[in-house]
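Spelled out from the first residue to the last, the chains are:
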Amino acid sequence: MRQQENYNELHAFLLVAQESSFTKAAIKLGISQSALSRSIKLLEQRLGLQLFTRTTRSLSLTHAGEALFVTAEQSFGALDKKLDELKHLRETPAGLVRISASQYAIDKVLLPKLAKFKQLYPDIELELISDTALSDIISTQFDAGVRFGSLVTDGMISVRIDYDEEIAVVGSPDYFHEFGFPKTPIDLNNHNCLGYRFMNGGMYHWDFVIDGQPYKLKTQGQWVFSTDYSVIDAAKRGLGIGYVPIDMVKEELKSGQLIHVLREFSHTFSGFHLYYPHHNVSPALRAVIDTLRVR
């Protein structure tokens, strides 16, 4: 296996060649002239080549030194350019921001609030990926995720981006005409409830508040879906009772397509929160956070 080069020595060689002086190069490097001479000698010994022709009055590159100088100047120049680009990314909102969220969160909050980025931050690219698997954003290489506040993973930094969300139990008039209205959450055990399965395989259990205490109900039914939109469509078709954010069915409730039941037992989630793993975020993600944050 080829031995790794000492890039400090190569950088020292480059400065000596550019300055045509050990003295000037040593001053730039902040080391003694003797230490710089030793460094160049070590490089020449390792390469088995003489890089400089030295006299008491002049310093010049050999043919081998000239060839190495051209390569070193191009390589270090390219590295300096890339470092400048990274500095620009650190100081200027630019680059890719990937966010994991439910389709509902994307439609309700992310897309409306971030739509103006095209004009404000033309150098920022956004990926809004629909995900109901409650994925680990670190292992899946997302910059941030969106969940209801109470569901944000411990250890994450979270920022509220939407207001509290009431969840509604809804069904069509035809369904309730045929099967009757549930009076309590327990009555749902006798109804066809439209299930919601996360992409990670887990089933969502419905949250209620009974006598001031939280209560989870493991529902049963013929139909299971992976999006709230499908649950709503199935409920409108009279296939069963759905459990969805009330903001998603405002028009259906107003028109009478759906009926809201068990409202006195409704659970309210603490709104959508954007979460991310650490405080040291890129300017691009910081722009996203500041735009989404609830004031």
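Residues numbered from 1 in each chain as written. Predicted model: local features only at pLDDT ≥ 70, side-chain atom pairs only at ≥ 80, totals over all residues. Heavy atoms only, no water.

(A) Here's a closer look at the overall build of the protein. Broken down by element type, the protein carries ten helices and 15 strands. Counting the 295 residues in the protein, one finds 42% classified as buried. Restricting the contact set of the protein to residue pairs at least 6 apart, pairs at least 24 apart contribute 72%. Total accessible area on the protein stands at roughly 17,000 Å², and carbon and sulfur atoms take up 52% of it. Between the averaged position of the 31 positive side-chain charges in the protein and that of its 34 negative side-chain charges there is a distance of 8 Å. (Helix = DSSP H or I, 4+ residues; strand = E, 2+ residues; numbered from the N terminus. Buried < 20%, exposed > 50% of the residue type's maximum accessible area, 1.4 Å probe, protein only. Contact = heavy atoms within 4.5 Å. Areas by Shrake-Rupley, 256 points an atom, 1.4 Å probe, with all protein chains shown as cover. Lys, Arg positive; Asp, Glu negative; His and termini not counted. Charge placed at Lys NZ, Arg CZ, Asp CG, Glu CD.)

(B) Seen up close, the pattern of salt bridges. Summed over all chains, the structure comprises 14 salt bridges. The salt bridge involving Asp 247 is made with Lys 250; its shortest N-O contact spans 3.2 Å. Shared partners join several salt bridges into a network, and the residues in it are Lys 108, Asp 162, Glu 165, Asp 247 and Lys 250. (Salt bridge = Lys/Arg side-chain N within 4 Å of Asp/Glu carboxyl O.)

(C) How the structure looks around the pairing of strand β5 (residues 144-148). Along β5, five of the five residues are buried, which leaves the element largely enclosed by surrounding structure. With two bridges joining them, strand β3 (residues 95-101) and β5 adopt parallel strand pairing. Across the sheet, residue Ser 100 finds its bridge partner in β5, namely Gly 145. Pairing of β5 with strand β15 (residues 272-276) involves four bridges; the strand directions are antiparallel. Within the sheet, the bridge partner assigned to Phe 148 lies in β15 and is Phe 272. (Pairing = 2+ DSSP bridges.)

(D) The nonpolar core, seen in detail. Counting 58 residues, the largest nonpolar core has Leu 110, Val 146, Trp 206 and Phe 208 as its most contacted members. Excluding its chain neighbours within four sequence positions, the residues that come into contact with Trp 206 are Val 169, Leu 188, Cys 193, Leu 194, Tyr 215, Lys 216, Leu 217, Thr 219, Ile 241, Gly 242 and Tyr 243. Leu 15, Phe 22, Ile 40 and Phe 76 belong to the second largest nonpolar core, which has 19 residues in total. (Core = buried A, V, L, I, M, F, W, Y, C linked by side-chain atoms within 4.5 Å.)

(E) Here's a closer look at the environment of His 177. Mapped onto the elements of the fold, His 177 is located in helix α7 (residues 173-179). Of the residues examined, His 177 reaches a relative accessible area of 73% and is grouped as exposed. Residues His 177 and Glu 125, 52 residues apart in the sequence, show an inter-C-alpha distance of 50 Å.

(F) Quick peek at the sheet that holds strand β4 (residues 124-130). As summarised here, the arrangement of the five strands in space is β4-β3-β5-β15-β6, forming an open sheet in which the pairing is mixed. Unpaired on one side and paired on the other, β4 and β6 (157-160) mark the two borders of the sheet. Pairwise comparison of adjacent strand axes, ignoring direction, gives a mean angle of 25 degrees for this sheet. Here β6 pairs with β15 via four bridges, running antiparallel. Of the residues in β15, the one forming a bridge with Ile 157 is Tyr 276. Across the sheet, helix α5 (residues 103-114) is in contact with β3, β4, β5 and β15; its angle to β4 comes to roughly 165 degrees. Contacts from helix α10 (residues 283-292) reach β3, β4, β5, β6 and β15 within the one sheet, and its direction differs from that of β15 by about 160 degrees. (Axes fitted to C-alpha atoms, helices over the stretch in contact; angles between N-to-C directions.)

(G) Summary view of the layout of surface pockets. Looking at the largest pocket, its volume works out to about 660 Å³. Lining of the largest pocket is provided by 34 residues; of these, Phe 148, Leu 151, Tyr 196, Phe 198 and Tyr 204 occupy positions nearest its centre. Taken together, the residues of the lining of the largest pocket sort by class into 22 nonpolar, seven polar and five charged. (1 Å grid on protein atoms, 1.4 Å probe; cavity = no way out; pocket = protein on both sides within 12 Å on 5 of 7 lines; lining within 4 Å. Points joined across faces, edges and corners; volume = space filled by probe spheres on them. Nonpolar A, V, L, I, M, F, W, Y, C, P; charged D, E, K, R; others polar.)

(H) Examining the confidence of the model for the protein more closely. Taken residue by residue, the protein gives an average pLDDT of 90. The fraction at 70 or more is 96%. When pLDDT is averaged over each element of the protein, strand β13 (residues 259-261) comes out on top at 98 and helix α4 (residues 63-91) at the bottom at 80. (pLDDT = per-residue confidence, 0-100.)

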